[in-house]
Structure formats: C-alpha cells, structure tokens
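Okay, here's what each chain looks like letter by letter:
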Amino acid sequence: MSGGRIVAGLLAPHPPHLVYAENPPQNEPKAECGWETLRWGYERLRKQLENIDYDVIVILSPHWQTYIGTHFLGLNNFKSLSVDPIFPNLFRYHYDINIDVELAKMIHDEAESDGLSVRMMENPDFRVDYGTITSCHLTNPNWDKPIVSISSNRSVHYYSVEVMQEMMIKLGEATRKAIWKSGKKAVVISSNSLSHRHFVNESEVPEDMSKEHITNHSQYLWDMKMINMMKNGKTKELIEMMPEFTEQTVAETDGGALTWMLSSLNYPTYPATIHEYGTIIGTGNAIAAWDTNDEKRKIEGVSSK
Amino acid sequence: MTGEVVLGLFVPAHPHPLLCPEKSPGWARLREAYEQARMIIEESEAELILVYSTLWTSIIGHQFQGLKEPEWVHVDHDFHYLGSMPYKFHIDTDFAEELSNSAKSRGLESRVVSYHGFPIDTGTVVALSLLNPDNNLPAGICSSNMYSNRAETIVLGKSANDAIKKSGKKVAVVVVSSLSNRMFTDKIKPHEEKIHSQKDDEWNRKILEFLDEGRLEDVSQLSREIHQQIRVQKVVAFKPMWWLAGVMGQHNNFAGKVHAYESVHGAGCAVASLIPKIDEVGDKEYDEDDVETYHGDRNVLDTIISEEENNDFESSNEPLDEKEEFSESGTFSTSRAPKPVGAYPHARKVGDLLYLSGVGPRQPKSNAIPGGPVKDATGKNLDYNMKAQTIACIENIKTILEDSGSSLEDVVDVTSFLINMDRDFADYNSIYADYFGEIRPTRTTLEINALPTPIAVEMKVIAKIKY
Ligand SMILES: [Fe+2]
C-alpha cells in the first residue's frame, strides 16, 4: 500500500492547565474557569479538524525523554493514571489510549534505515507522558483516532540544538516516508509551548487569571517573531532561527518536536492558521495548524525507494 | 532527644542493578555493593531513611513526598525493556511535613505532595527497593529543584538537618546520583559496558578517592568543577554533594568507604558510605561563603512581583496618614512602620505605659534598609552605614509612638541591640545622642549574634502615653 500522506501539521501546546480548566471526566481535579482564550483557540482547531479526514495522530512530546535514541510506543493500548509531576494539583488524568503500532513500527524502521538509533517501547506498565496526553486530549477529546507516540531524544543535552535539529529533520523525513508507505492519512502534532520562561511560584487559585501574563517583554517579541514566520510560510527560516530562539527563551523546542513536525511537512511555504496565542504561568503558547489539503498547499508525496 | 544523621550513602540511579544484575559483572558488583549498604544501614540502627534523588526534578520550589503508602509499578523512560519496578513504600508523613516546614523557615519555597499515582523517579525507586526492601524503615523523599544552585541546595540540606534534629530520630541519608553521567547514545551490549571516556573515568576515581577518605566537604567544594568536567551540560548543576554536605555537616571528618565503582551504559556509578566520626571536631573550610538562609530568587528566571510586594503595592494606595486604633487587648500596629516579621504588634499599652516591640531600620513600604543591608542574598557580608541605619531605626520608633498617642519625648527606657559593637558603637552613639541627648531615657546596649533581617541595629523602647 502507498499514497498515504500528512493531512495536517499542528503546533499543539500541552500545559495541563488547559485540561484542568476544561473539567473533562477523565481528570480528577476540578476548576472554576481559566485560560479561556487558549481553550477557545483549541475549539477552533477542533472545528477545523472536523473538516479534515484523517486516520491517525502522530505526536512527539518533550515529556517522554530518552537519551538512548528515539522510542515509539509499541503496544495496542495503554490505560492508566497520569499525574503531572510539576502540577499534580491540576492534572491527574485517567487515560485509555489506542496506538497505531503498525505505523509506529513503520516510522521506527524507516528511521532506523536512515541511521537513527530507535527502539520500540513494549512494556505494558509504561506510563504515557502527560505532554502527549494533554495535546491529544485538547486536539481530539473523543480519543476516537489511534495515535503514534514518539519520544523526545535529548541530543540537545549531550550535544547541541544544532545536532538535535539534524536528527529531528531526519526523523521528520522518515515519518513522512513511512506515512506515505502506510497509505494512511495522518495529522502530525508538535506538542510544545513557545517561550518557556515561567513563574517559579503558583498563585493560590491556579486559575486566577489576574496573575497571568507573559514572563517578560523579550519573550513576547520572540514569540511574535516565530508566529509571524509561521503566518508567512517561512518555516525554513524558522528552523534556522530555532537554536537562537530556543536559547533565548529556554523553549521546549529543544525537545525537537517542532523541527520534526515541520520537516515531516517538508517545510510548508504556505501560511499556518494561528488559532490563538496566550500565556500559561508566564510561558508563551500558540495553537497553529498547517492544512496541507488547501488549494496549492499539497505536499509532494515522496516517491518510494 | 535530638535526632541525628548516623550515615550517609551515595548510590547510583540506574535500574540495572535492581532489574538485571546477572547480565553484566559490573551491574552485579553494584548490586552486591547495594546489599552491603543495606547492611550498613541496619548496623547504624537508623530509624528513618531520607532520599534525595537528582532524578526527581521539581520546578515550583522543593517538593517532599507526603503520601503514606505510595504504590505503583514504575517503568523507566529509557530502560523500559529491562522490566517493570513494582513498589510500595512507607513514608513518614509527619517527617515530610517537618521537612517542608524546615525548608520554608530557611526561606525556601516548598510543598508536600501526596497524590496517588504521583510519579516517583527511577533513582528513588531503585534506591529504596534495594536499601529498604521490606520497608523496615519509614522513608522521606525530597526533590531536586531544577534551578537551585549551590546556596539554595546547601540551605535545603541544612533544613533537612533541622527536620532530622526535630524528629528525634537516627537517620540514614541517601543521595541518588551518577558521577559522570554521559551515557552512550546508541544501544550497547552488556559486555561492551565501560565508562564513556577516560577523562570521565579519571574524574570519577578522583571523587571516589576523596569519598573513601571521608572528605565530603572537599567533594562539595569541587562540585562546580565536577559539573564542568564530567556532566552533561545544560541547566542542572551537579548538586548532590552540596545537599549531602548541607545535611551531614560541612567537613571532612567521616569514615568513608567506596563499595563499588562501575559503569552503566557508560555513566559512572558508585556506592559509597560516610559515617560521621564521633569524637572529632569539624574542620569545615570554605572557598565560598556559607549560607544559612535562602534569600534570593532563582535568577535564571525573571522575577515576578511576589505576593508580599503586590500587597505592598496595593496598600500604598491607602492614605499614609490614616492612623490605626488600639485593639481591645491594647495592641497597636501601623502601616507606617516596618511590617512585623513575626506574630507581634508594633506596640502594646499597659496602664499609662506603651511597650514597643523591637524596631529596626527597614522602611515600611519597600522593606529597603537605609545604609544598606549587612548581608546579601547568599549570606555574604556587605559594607553598610551604621549612622543611616540608626537614624532610620529611631525614625520608625518615632512614627509608631506618634501614631499611638505618644512621642520620642515620652520615652523612658531604651534597649539597643547591635550586631557589631566594635565597629558600630561610636556611630550609633552619636546619632542616639542627637535624638535622645535631651530626653535622657535609661538605656542598655547589647551586642548580639544576629537579627532576623539583614540589619545592624534594633531598638526596643518603653514610653509614657499622652492621651
Ligand atoms: Fe511542557
């Protein structure tokens, strides 16, 4: 089978605060309100996805951190309780996630043949990371599509942002090829915020919106710079800017998700839809979507090797 | 009876010695060494085990495990293929509260976390499973804050020591950490196991030589250098030895022993023990200042307006000349004087006399100290102006007196506290004379070790009430 493709690429940040504020039945803590504008942004994203036909979500989260290669969830189902280690007061989520193991294995194999170190994760007791859960919940709260969950290789710790980018560009290409070979229609998700300087204490009522603002002006300027490049289809430039952006805003983009996602889309030159921008405990968060089905936005399928 | 640390242990965090020691002779030796460490704990007659794992990184202050019986089946993010680690630990929840309170009283942000399913890190799971397999000892677990550097980590260690003393128990403290932490980034076979580089190996051996001689403070002081040389760079400093020195005492008088040194996937892993020597005095030495209380923010981040500053900002909108009333019990406080640093009023009326609490030079709204603080956030001594501090101190007293129906002229008795009599008496005395020379209350001046805020003078007065 072949002819599969990526139908959309998303930047979908994963602060547990947004799930907390939505009060879904899966989450134990209950909120009164909070971060509405970002949550309305996610609503608009979900509306957009209603008109996009897809089979599977492929997601890379910086909160499954692996030092020895890139790992892929490799069992059909994971069901357990996820407790956020930083905000256990906000996020204790009972998840039940179906995995597209077949596609996961195909991306694994493709990456391996491209020279990346990879491993399938087949331990049934493994806990899915809260970044993956949060981004997937906010994108598709019905959980009616299987996912492929990819770990974040910490080459950035061992080497540099540049080495991370090289590896993630390769992984993005492998992802694109594997999806093409699978014949499936996939949504790829980069699960991360933008600027990541955050407050080091929490207000007494976490959803007290009078306390919420960007940590500082320079972080805001960096976020706008990145978002403008997304809006103007300048994703190659964005990738070139990534090391400096990551350094200046201690961004979660160090985990490679955004680089990987843009590489899998083959660096879109058309504008992303920015559904919202807002802050969470001082970090900058943008919800963005690249719809590859729009007129003139078709991504060239990769010819089979 | 006051509690004490009877034993310190340094142990590795990787799951290999727990899950598959049989696969590599090195991992088996680590397992054996873990077993020796377990027996040393038994011999030490410890009643509690306290774990600090560098793998439990917290971000919002310092966290302490507070669930009585955390139970889970843990799987490592990288080494999931080696198997699962089921655990059920027994936490001393009172001790957890005490750890958190002690941290708070030394200026640290802290909280107790007690949620079912809270992810306990691989290092803690491995250490507690091997050192305390039957939960014979109740445990304490504390996090390693991502941003905390030397001063904050030492203060955290000292606060743990405060909690241990209060607990009245004999405690074995355990730090879970690698030495060199660079692992091979590709898969390796167990028989290919070795330290990632010769340089890492040489540094590891040097550190262990020190530990074998019981020289904890020396290793603590080398921590920045160790981080530079053999740690994967990025945000997190090599801090376990700061914590251990903070909790065990900053000196080199320990009976040290290294029980094993091996590699796990390239990282340097060791089991070492430190037993305090009883009849020797400490020989603590510093190449940097010692710190007792944490004052600073973690400055990798830009500060936001703290709650207190926020309140000050709001209250500064109130008219400054508004005077407060005496309470029914005769206590009185005013927003025009420095905010009390404890549960006490500015003044209390008894009959015709007004007793004031000790007053320092801090400014009521900004908390600024005229003449400058005597110490900086890290505890380093600063130069300050004693005359300016004394003026500000007496002006604060004047304000309280006037707001409560008295005045400087009505003062009948003064007790002054100076932190450095030799340095400051003359300056203090000359300003005092300017204000009180004519009034001539009785006076006592004492030198004391420290005051609760970084000020050099505090005065306590008794005055008559006019109306
Ligand atoms: Fe995150």
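Residues numbered from 1 in each chain as written. Chains lettered and ligands numbered in written order. Predicted model: local features only at pLDDT ≥ 70, side-chain atom pairs only at ≥ 80, totals over all residues. Heavy atoms only, no water.

Engineer: I keep staring at the overall build of chain A and nothing clicks. Help me out?
Structural biologist: In terms of regular secondary structure, chain A is built from nine helices and ten strands. Over its C-alpha atoms chain A spans a radius of gyration of 18 Å, differing by no more than 12% from the 19 Å that the globule rule assigns to 305 residues. Referenced to the eigenvectors of the C-alpha coordinate spread, the extents of chain A come out at roughly 55 × 40 × 40 Å. Counting only residues that meet the buried cut, chain A has 66% of its 305 residues in that class. Considering only intrachain contacts with a sequence separation of at least 6, the fraction spanning at least 24 residues in chain A is 80%. Accessible surface for chain A amounts to roughly 11000 Å². Of this, 47% is attributable to carbon and sulfur atoms. A gap of 5 Å separates the mean positions of the 29 positive and 40 negative side-chain charges of chain A. (Helix = DSSP H or I, 4+ residues; strand = E, 2+ residues; numbered from the N terminus. Rg over C-alpha atoms; globule rule 2.2 N^0.38 Å. Buried < 20%, exposed > 50% of the residue type's maximum accessible area, 1.4 Å probe, protein only. Contact = heavy atoms within 4.5 Å. Areas by Shrake-Rupley, 256 points an atom, 1.4 Å probe, with all protein chains shown as cover. Lys, Arg positive; Asp, Glu negative; His and termini not counted. Charge placed at Lys NZ, Arg CZ, Asp CG, Glu CD.)

Engineer: Can you help me understand the pattern of salt bridges in this one?
Structural biologist: Throughout the structure, instances matching the rule amount to 31 salt bridges over all chains. Across the salt bridge formed by E102(A) and K184(A), the nearest N and O atoms sit 2.8 Å from each other. Taken together, the residues span a long stretch of sequence, with E102(A) in helix α3 (residues 101-113) and K184(A) in the loop between α6 (161-182) and β8 (185-190) at a distance of 82 residues. Several salt bridges converge on common partners, so that one network encompasses R106(B), K158(B), D162(B) and E292(B). (Salt bridge = Lys/Arg side-chain N within 4 Å of Asp/Glu carboxyl O.)

Engineer: So what exactly am I meant to see when it comes to helix α12 (residues 421-436) of chain B here?
Structural biologist: Side chains three or four residues apart in an α-helix point the same way, a direct result of the helix having 3.6 residues per turn. Residues and elements named next belong to chain B. An ideal rise of 1.5 Å per residue puts 22 Å on 16 residues; α12 reaches only 19 Å between its terminal C-alpha atoms. Buried within α12 are the following residues: D424, Y428, I431, Y432 and F436. Looking at the buried side of α12, the elements it contacts are α11 (386-403), β14 (411-418), β15 (442-447) and β16 (457-464). (Expected span 1.5 Å × (residues − 1).)

Engineer: In this structure, what is going on with the coordination of the iron ion? I would like to understand it.
Structural biologist: Each pair of donors in an ideal four-coordinate tetrahedral metal site encloses 109.5 degrees, whereas pairs in an ideal six-coordinate octahedral site enclose 90 or 180 degrees. Residues and elements named next belong to chain A. Around the iron ion, the protein contributes the donor atoms H14 (NE2), H63 (NE2) and E252 (OE), at 1.9 to 2.1 Å from the metal centre. Written as a sequence motif, the donor residues of the iron ion are H-x48-H-x188-E. Of this pair, H63 sits in strand β2 (residues 56-66) while E252 sits in the loop between α8 (235-248) and α9 (257-264), and the two are 189 residues apart along the sequence. Judged by relative accessible area, E252 falls into the buried class, the value being 8%. (Donors = N, O, S within 2.8 Å, 3.2 Å for Na, K, Ca; no water.)

Engineer: Before we go on, may I ask you to explain the interface of chain B and chain A in this structure?
Structural biologist: For an interface, size is often stated in terms of accessible area lost upon the parts coming together. Taken together, the contact pairs 45 residues of chain B with 42 residues of chain A. Buried surface at the junction of chain B and chain A, both sides included, amounts to about 3800 Å², of which 56% is carbon and sulfur. The tally of links from chain B across to chain A stands at one salt bridge. Note that E202(A) and R111(B) form a salt bridge whose closest N and O atoms lie 3.0 Å from each other. Elements that contribute at least two residues to the side of chain B that touches chain A include exactly β2 (48-58), β4 (71-74), β6 (110-113) and α10 (307-315) of chain B. Taken together, the residues of the side of chain B that touches chain A break down into 18 nonpolar, 15 polar and twelve charged. (Buried area = accessible area lost by both parts, 1.4 Å probe. Nonpolar A, V, L, I, M, F, W, Y, C, P; charged D, E, K, R; others polar.)

Engineer: Please explain the domain arrangement of chain B as it appears in this structure.
Structural biologist: Examined at the domain level, chain B breaks down into domain 1 (4-276) and domain 2 (300-464). For domain 1 of chain B versus domain 2 of chain B, the distance between C-alpha centres works out to 45 Å. (Domains from an automatic or database assignment.)

Engineer: Before we go on, may I ask you to explain the packing of helix α2 (residues 25-44) of chain B against helix α4 (residues 122-131) of chain B in this structure?
Structural biologist: The contact between α2(B) and α4(B) brings their axes to 8 Å, and the two run at 65 degrees. Of the residues in α4(B), those touching α2(B) at R31(B), Y34(B), A37(B), R38(B) and I41(B) are V126(B), A127(B), L130(B) and L131(B). (Axes fitted to C-alpha atoms, helices over the stretch in contact; angles between N-to-C directions.)

Engineer: Explain the nonpolar core to me, please; I cannot follow it from the model alone.
Structural biologist: Inside soluble globular proteins, nonpolar side chains tend to come together where they are buried. Membership of the largest hydrophobic core comes to 101 residues, with the highest contact counts inside it found for V58(A), L171(A), V187(A), M230(A), W260(A) and W290(A). If you tally residues by element for this core, the top one is α6(A), at seven residues. Apart from the residues within four sequence positions on either side, L171(A) is in contact with L60(A), T70(A), F72(A), A111(A), L116(A), I150(A) and W260(A). One finds L81(A), V83(A), L128(B) and A267(B) within the second-largest nonpolar core, a separate group that totals 50 residues. (Core = buried A, V, L, I, M, F, W, Y, C linked by side-chain atoms within 4.5 Å.)

Engineer: I tried to follow the packing of helix α6 (residues 198-212) of chain B against helix α8 (residues 223-230) of chain B on my own but got confused; where do I start?
Structural biologist: Between two packed helices, what matters for the description is the angle formed by their axes and the separation of those axes. Residue and element names in this part refer to chain B. Interaxial distance between α6 and α8 falls to 10 Å at its minimum, and their mutual angle equals 160 degrees. Of the possible angle classes, the one that applies to α6 and α8 is roughly antiparallel. Crossing geometry of α6 relative to α8 is assigned as left-handed. Across the interface between the two elements, K199, D200, W203, N204 and I207 from α6 touch E225, I226, Q229 and I230 from α8. Tallied by class, residues from the contact of α6 with α8 come to four nonpolar, two polar and three charged. (Parallel < 35°, antiparallel > 145°, perpendicular 65-115°, else oblique. Left-handed = near helix turned anticlockwise from the far one by under 90°.)

Engineer: Please clarify how the state of the cysteines should be interpreted in this entry.
Structural biologist: Think of a disulfide as a covalent bridge from one cysteine sulfur atom to another cysteine sulfur atom. All names here are of chain B. In total, this model carries zero disulfides over all chains according to the counting rule given. You can see C20 has no disulfide; the closest cysteine sulfur is in C269, sitting 12 Å from it. The exposure class assigned to C20 is buried, which follows from its relative accessible area of 1%. (Disulfide = S-S within 2.5 Å.)

Engineer: Help me understand the packing of aromatic side chains, please; the structure alone is not making it clear to me.
Structural biologist: Each aromatic ring pair is summarised here by two numbers: the centre-to-centre distance and the angle between the ring planes. All names here are of chain B. Within the structure shown, the criterion is met by eleven aromatic pairs over all chains. When the centroid spacing of 5.6 Å and the interplanar angle of 65 degrees are considered together, the rings of W56 and F118 count as edge-to-face. In this pair, W56 sits in strand β2 while F118 sits in the loop between β6 and α4, placing the two residues 62 residues apart along the sequence. The pair W56 / F118 is uniform in exposure class, with both members buried. For the ring pair Y428 and Y432, a centre distance of 5.9 Å and an interplane angle of 45 degrees mean the geometry is tilted. Within this pair, Y428 and its partner Y432 are both found in helix α12, separated by four residues, close to a single helical turn. Neither Y428 nor Y432 differs from the other in exposure class; each is buried. Grouped by ring-pair contacts, the aromatic residues F425, Y428, Y432 and F436 constitute a single cluster. One Lys or Arg, R423, reaches over the ring of Y384 and ends 3.7 Å from the middle of that ring. Over the ring of Y432 we find R443, and its NZ or CZ is 4.5 Å from the ring centre. (Phe/Tyr/Trp six-rings, centres within 6.5 Å; stacked < 30°, edge-to-face > 60°. Lys NZ or Arg CZ within 6 Å of the ring centre and 35° of its normal.)

Engineer: Is there a simple way to think about helix α4 (residues 130-139) of chain A in this case?
Structural biologist: Residue and element names in this part refer to chain A. Along α4, ten of the ten residues are buried, which leaves the element largely enclosed by surrounding structure. Here α4 has its buried residues at Y130, G131, T132, I133, T134, S135, C136, H137, L138 and T139. The distance from a side-chain oxygen at the start of α4 to the backbone nitrogen of G131 is 2.9 Å, and the residue carrying that oxygen is D129. (Polar contact = N/O pair within 3.5 Å; in protein donor to acceptor, adjacent residues only side chain to side chain.)

Engineer: Could you clarify how one ought to interpret the side chain of S178(B) in this entry?
Structural biologist: All names here are of chain B. Take S178: it is sitting in the loop between β8 (170-176) and α6. Classification of S178 as buried rests on a relative accessible area of 9%. Each residue touching S178, except ones within four places of it in the same chain, is listed here: F10, H14, R231, F238, A267 and G268.

Engineer: Can you help me understand the pairing of strand β1 (residues 5-11) of chain A in this one?
Structural biologist: Successive side chains on a regular strand alternate, one facing one side of the sheet and the next facing the other. Residue and element names in this part refer to chain A. In terms of burial, β1 is a largely internal element, six of the seven residues being buried. Where β1 meets β8, six bridges bridge the pair, whose relative direction is parallel. Across the sheet, the residue bridging to G9 is V188, located in β8. Inspection of the sheet shows β1 paired to strand β10 (residues 283-291) by four bridges, in the antiparallel sense. Across the sheet, the residue bridging to A8 is D291, located in β10. (Pairing = 2+ DSSP bridges.)

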